[in-house]
Amino acid sequence: MSAPKRLGVVMDPIGVITYAKDSTLAMLLAAQARGFELHYLEQRDLSLRDGVAFGQLRPLTVRADSSSWFTLGEPTPTPLSTLDAILMRKDPPFDTEYIYSTYVLERAETAGVLIVNRPQGLRDMNEKVYTAWFPQCCAPTLITRDMDAMGAFLAEHGKIVVKPLDGMGGRSIFVLGQGDLNARVVFETLSDYGRRFAIAQRYIPDIAVSGDSRVLLIDGEPVPYALARMPSATDHRGNLAAGAKGVGRPLNVRDRWLAREIGPSLAAKGMLFVGLDVIGGFVTEINVTSPTGIRELDKQFGINIGDLLIGAVEKRLES
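The structure presented is a predicted model; accordingly, all values stated were derived computationally and were not measured. The residue count restarts for each chain, going from 1 along the sequence in the order it is written. Selection of residues for local features in this predicted model requires a pLDDT of at least 70, selection of side-chain atom pairs for listing and counting requires 80 or more, and totals for whole chains, interfaces and linings are taken over all residues. Water and hydrogen atoms play no part in the side-chain values, which are based on all heavy atoms of the structure.

Draft legend 1. Layout of the overall build of the protein. The helix count covers DSSP runs of H or I at least four residues long, the strand count covers runs of E at least two residues long, and both are numbered beginning at the N terminus. The helix and strand tally for the protein stands at nine helices and 17 strands. In this treatment the radius of gyration is a C-alpha quantity, and the globule benchmark scales as 2.2 Å times the residue count to the 0.38 power. For the protein, the C-alpha radius of gyration of 20 Å lies close to 20 Å, the compact-globule estimate for 319 residues. The dimensions of the protein, computed from C-alpha atoms along their principal axes, are 70 × 45 × 35 Å. Counting across all 319 residues of the protein, residues that qualify as buried make up 48%. Only heavy atoms matter for contacts: two residues are in contact if any of them lie within 4.5 Å across the pair. A separation threshold of at least 6 residues defines the contact pool for the protein, and within that pool the share at least 24 residues apart is 67%. Areas reported as accessible are Shrake-Rupley estimates using a 1.4 Å probe. Residue values count occlusion only from the protein chains shown. Element-wise, carbon and sulfur atoms account for 52% of the exposed surface of the protein, whose accessible area totals about 14,500 Å². Summary of the burial criterion: residues with accessible area below 20% of their type's maximum are buried, those above 50% are exposed, and those between are partly exposed, where the area comes from a 1.4 Å probe applied to protein chains only.

Draft legend 2. Spotlight on the packing of helix α1 (residues 23-33) against helix α9 (residues 305-318). Interaxial angles span 0 to 180 degrees and are taken between N-to-C directions of axes, which are lines fitted to C-alpha atoms, for helices over the stretch in contact. One way to put it is that α1 packs onto α9 with a least axis distance of 8 Å and a crossing angle of 60 degrees. Accordingly, the angle class assigned to the pair α1 and α9 is oblique. You can see that α1 and α9 cross each other, and the crossing is right-handed. Listed contacts from α9 to Ala26, Met27, Ala30 and Ala31 of α1 are Gly306, Asp307, Leu309 and Ile310. Each residue gets one label: Ala, Val, Leu, Ile, Met, Phe, Trp, Tyr, Cys and Pro are nonpolar, Asp, Glu, Lys and Arg are charged, and the others, such as Gly, are polar. Of the residues that constitute the contact of α1 with α9, the class distribution is six nonpolar, one polar and one charged. Between 65 and 115 degrees an angle is taken as roughly perpendicular, under 35 as roughly parallel, over 145 as roughly antiparallel, and anywhere else as oblique. Two helices that cross are described as forming a left-handed crossing if the nearer one is turned anticlockwise from the farther one by less than a right angle, and a right-handed crossing if clockwise.

Draft legend 3. Inspection of the environment of Pro222 at higher detail. Assignment of secondary structure puts Pro222 in strand β14 (residues 221-230). Take Pro222: its relative accessible area is 22%, and that puts it in the partly exposed class. When the C-alpha positions of Pro222 and Ala259 are compared, they lie 6.2 Å apart, and in sequence the two are 37 residues distant. In this structure Pro222 touches Leu216, Leu217, Leu251, Arg256 and Ala259, once residues within four positions along its chain are discounted.

Draft legend 4. Up close: the packing of aromatic side chains. Here a pair means two rings of Phe, Tyr or Trp (six-membered ring of Trp) with centres within 6.5 Å. Their orientation is stacked below 30 degrees between planes, edge-to-face above 60, and tilted elsewhere. Evaluation of the coordinates by the stated rule reveals seven aromatic pairs. Here Trp69 and Phe70 contribute two aromatic rings whose centre-to-centre distance is 6.2 Å and whose plane-to-plane angle is 50 degrees, an arrangement assigned as tilted. Relative to Tyr103, the ring of Tyr100 has its centre 6.5 Å away and its plane inclined at 35 degrees; by these criteria the two rings are tilted. With Tyr100 and Tyr103 both in helix α2 (residues 96-110), this residue pair falls three residues apart, about one helical turn. On the accessibility criterion, Tyr100 (45% relative accessible area) is partly exposed. Residue class for Tyr103 comes out partly exposed when judged on its relative accessible area of 41%.

Below you can see the structure in the form of structure tokens.
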């Protein structure tokens with residue numbers, strides 16, 4: 001009988017996750033059910049010594065129990081190369097510390113460990129900027145520091161969404177209409193008076209009716225259902241963290257076309273788990289760092305997305 005596969009996870013503190021919604025926990029439960037031996041890491045547990053990636057590995061057991069969902073063993077400094085695969089599930093912000101972590105994980109990858117998602121891809125694919133690689137899938141978009149250019153973009157489209165390139169969870173997302181007296185202040189704030197890039201996109205009114213849908217891709221293939229995040233009556237943002245409600249729906253023809261346009265390219269770059277944010281049939285963001293939505297779709301449709309992902313991980317390990 002062969003030894004069990006060893007799976008590491010780099011994540012935020014497991015003791016403070018939201019049990020009912022945490023996608024990483026769903027992945028870990030699926031991996032454990034498939035016989036993987038689990039090991040837990042936080043960013044602070046990673047290190048490099050003479051080019052070798054190490055981690056303070058803690059044995060991890062998970063349970064489908066909302067009052068006691070994990071048990072951790074004692075940490076042991078161990079080369080990451082002793083693991084077969086690592087899930088990089090640290091939530092944004094995507095800051096310098098996050099980048100340093102990808103360097104450590106890339107050294108582990110060089111030693112033969114499968115990293116999900118691939119460290120180079122995590123660095124290269126800013127979740128807002130990377131939409132530029134698929135303009136055929138997106139509404140008109142401008143990325144600039146130039147506040148006058150933002151104003152001209154607003155004049156061209158009449159109503160736009162503007163946001164920072166490093167935002168998450170709906171933070172600092174503004175909707176501006178033609179003649180809005182706050183427009184210049186918003187441009188100044190987001191660009192720090194022309195010193196930082198910001199992104200502007202044509203406003204897509206469908207968000208008020210059909211929400212901001214998360215289409216999940218596993219090794220380039222779409223999960224059959226999307227999670228439509230419906231804004232509340234008092235907010236324009238389709239983010240669960242901003243109070244939106246998650247409503248599952250089957251993929252439509254446009255969703256599947258978007259998945260075919262984007263999925264194979266990302267899978268080829270080692271991005272096994274990706275979330276496309278889709279409003280009115282247009283991709284607004286490509287989430288590669290720590291996509292969520294698993295638990296809501298599993299509950300509404302009786303599926304097991306975590307198991308689909310771990311199955312894809314096993315196939316990659318076999319090949």
